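# Notes for the structure review
Here are the chains, one letter per residue:
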Amino acid sequence: QVQLVESGGGLVQAGGSLRLSCAASGRTFDNYAMGWFRQAPGKEREFVAAISWTSASTYYADSVKGRFTISRDNAKAPLYLQMNSLKPEDTAVYYCAASPEYFRPADRAKYDYWGQGTQVTVSS
């Protein structure tokens with residue numbers, strides 16, 4: 001069974017930092033683009049960041065640009081999200097996802113595999 005498993009979520013004060021990780025099991029994601037999405041209560045799941053297989057290309061939502069950094073280590077856990085200067089509006093469940101191509105990376109429909117999510121709560 002193919003699984004993506006997120007970790008690293010938690011409770012942090014505004015201005016703090018967290019680092020999310022996403023590990024894969026059941027298959028490798030060679031040549032896959034990876035992305036992070038988030039969903040706050042009562043809201044639709046929204047794009048956060050994406051990265052191509054080679055890490056040559058990254059793309060961020062305007063709301064996190066300059067604060068979040070997406071990276072990957074294809075030899076270890078496939079995906080990371082470093083989140084700095086966190087704000088209460090960053091509170092959400094964060095999901096990692098895998099897409100067979102780096103095309104329209106903000107489009108949820110392009111992603112075939114999804115993790116179960118990890119909760120991030122930022123207190124004011």
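Further up the page is the structure itself.
### Observations regarding the packing of aromatic side chains
Summed over all chains, the structure comprises 8 aromatic pairs. Between the aromatic rings of Phe29 and Tyr113, the centroid separation amounts to 5.4 Å while the plane-to-plane angle is 75°, which identifies the pairing as edge-to-face. Of this pair, Phe29 sits in the loop between strand 3 (18–25) and strand 4 (33–39) while Tyr113 is found in strand 10 (residues 113–114), placing the two residues 84 residues apart along the sequence. Its relative accessible area of 5% is what places Phe29 among the buried residues. For Tyr113, a relative accessible area of 24% gives the class partly exposed. Ring plane angle 80° and centroid distance 5.1 Å describe the contact between Phe37 and Tyr111, whose orientation is recorded as edge-to-face. Taken as a pair, Phe37 in strand 4 and Tyr111 in the loop between strand 9 (92–99) and strand 10 lie far apart in primary sequence, 74 residues in all. For the pair formed by Phe37 and Tyr111, the shared burial category is buried.

### What about the pairing of strand 8 (residues 79–83)?
Burial within strand 8 is extensive, with 4 of its 5 residues counted as buried. Pairing geometry for strand 3 and strand 8, over 5 bridges, is antiparallel. The residue of strand 8 that forms the bridge with Ser21 is Tyr80. In this sheet, strand 8 lies alongside strand 7 (residues 68–71) in antiparallel orientation, the contact comprising 4 bridges. Paired with Phe68 across the bridge in strand 8 is Met83.

Definitions and limits used
- Residues numbered from 1 in each chain as written.
- Predicted model: local features only at pLDDT ≥ 70, side-chain atom pairs only at ≥ 80, totals over all residues.
- Heavy atoms only, no water.
- Phe/Tyr/Trp six-rings, centres within 6.5 Å; stacked < 30°, edge-to-face > 60°.
- Helix = DSSP H or I, 4+ residues; strand = E, 2+ residues; numbered from the N terminus.
- Buried < 20%, exposed > 50% of the residue type's maximum accessible area, 1.4 Å probe, protein only.
- Pairing = 2+ DSSP bridges.

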